[in-house]
Amino acid sequence: NSNHKNNGDLIMILDTLLSINHWFHLSAAALLAGGMIFLVAILRPVLGRSSAISGIGTFSREIHDRFRIYVGILICVLIITGIFNSVGSIMSVAETSLSSGYKTIIRIKVILAVCLFIIYGVNAFLIKEDKTEEDCSCLVKPPVYKKILQVFALVLVFVILFLAATLRFY
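What you see is a predicted model, and the numbers here were worked out from it, not measured in a lab.

1. Description of the overall build of the protein
Part 1 of the reasoning: Of regular secondary structure, the protein possesses 4 helices and 0 strands.
Part 2 of the reasoning: Moving toward the C terminus, one meets the helices and strands of the protein in the order α-α-α-α.
Part 3 of the reasoning: Out of the 170 residues in the protein, the part that is buried amounts to 33%.
Part 4 of the reasoning: By element, 73% of the accessible surface of the protein is carried by carbon and sulfur atoms, the whole surface being about 10800 Å².

2. A look at the nonpolar core
Part 1 of the reasoning: Leu-32, Met-36, Leu-116 and Val-157 are the most contacted members of the largest nonpolar core, which totals 23 residues.
Part 2 of the reasoning: Sorting the residues of this core by element identifies α1 (2-49), α2 (56-92), α3 (100-126) and α4 (144-166) as the ones contributing at least two each.
Part 3 of the reasoning: In terms of residue count, the dominant contributor to this core is α3 (7 residues).
Part 4 of the reasoning: In terms of nonpolar packing, the next biggest core, distinct from the first, is built from 6 residues, Leu-39, Leu-43, Leu-47 and Val-140 among them.

3. Thoughts on the pattern of salt bridges
Part 1 of the reasoning: This structure, assessed with the given rule, holds 1 salt bridge.
Part 2 of the reasoning: Between Asp-65 and Arg-68 there is a salt bridge, with the nearest N and O atoms lying 3.0 Å from each other. Of the two residues, Asp-65 and Arg-68 are both situated in helix α2; the distance of 3 residues between them amounts to about one turn of the helix.
Part 3 of the reasoning: According to the relative accessible area criterion, Arg-68 is buried, its value standing at 18%.

4. Notes on the environment of Tyr-170
Part 1 of the reasoning: Summarising the element assignment, Tyr-170 is placed in the segment after α4.
Part 2 of the reasoning: A relative accessible area of 52% places Tyr-170 in the exposed class.
Part 3 of the reasoning: Counting along the chain gives 71 residues from Tyr-170 to Ser-99, while the straight-line C-alpha distance between them is 7.0 Å.
Part 4 of the reasoning: Setting aside chain neighbours within four positions, we find Tyr-170 in contact with Ser-99, Gly-101, Tyr-102 and Ile-105.

5. What to know about the environment of Gly-88
Part 1 of the reasoning: Along the chain, Gly-88 turns up in helix α2.
Part 2 of the reasoning: Considering only alpha carbons, one finds Gly-88 and Leu-14, 74 residues apart in sequence, at a separation of 8.7 Å.

6. Concerning α4
Part 1 of the reasoning: Spanning 23 residues, α4 covers 33 Å between terminal C-alpha atoms, matching the ideal 33 Å at 1.5 Å per step.
Part 2 of the reasoning: Regarding α4, the residues found buried are Lys-146, Gln-150, Ala-153, Leu-154, Leu-156, Val-157, Ile-160, Leu-163 and Thr-166.

Scoring rules and cut-offs
- Residues numbered from 1 in each chain as written.
- Predicted model: local features only at pLDDT ≥ 70, side-chain atom pairs only at ≥ 80, totals over all residues.
- Heavy atoms only, no water.
- Helix = DSSP H or I, 4+ residues; strand = E, 2+ residues; numbered from the N terminus.
- Buried < 20%, exposed > 50% of the residue type's maximum accessible area, 1.4 Å probe, protein only.
- Areas by Shrake-Rupley, 256 points an atom, 1.4 Å probe, with all protein chains shown as cover.
- Core = buried A, V, L, I, M, F, W, Y, C linked by side-chain atoms within 4.5 Å.
- Salt bridge = Lys/Arg side-chain N within 4 Å of Asp/Glu carboxyl O.
- Contact = heavy atoms within 4.5 Å.
- Expected span 1.5 Å × (residues − 1).

Quick look at the structure:
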């Protein structure tokens, strides 16, 4: 009887840890989506209209560098917590089998998350900005391919969030 109580306590602790992990995962996704919307829809247009102001290049470069660090942290949190969420989901349905729809959505979600990580890696590490220019092209006047990558990343975030919401039906 004591063994049964200990197992119940362990399950309750694991459920609590998985709930906290899920909260971190959702919080990171919300912060990433909100930050990307703020950058693309609010900050970039305002900085673009203010590009003639002295020092705006340095200011925007500092914002961009800081934003890039936070995006990297959020993506790492999403990957790590996503792994734990997947393990938790598999453990919670160990007695039953996962439906094929659930497996398909998880696979698509993982593939899209990898695509998001690749876009971040390309933007953060492979495409080098010219730091000698006063005008920070990365934020004030980004090249078309950067705009496309950023919009694509934003779309990916919302598709991944939509897929996460549909998992509740399985």
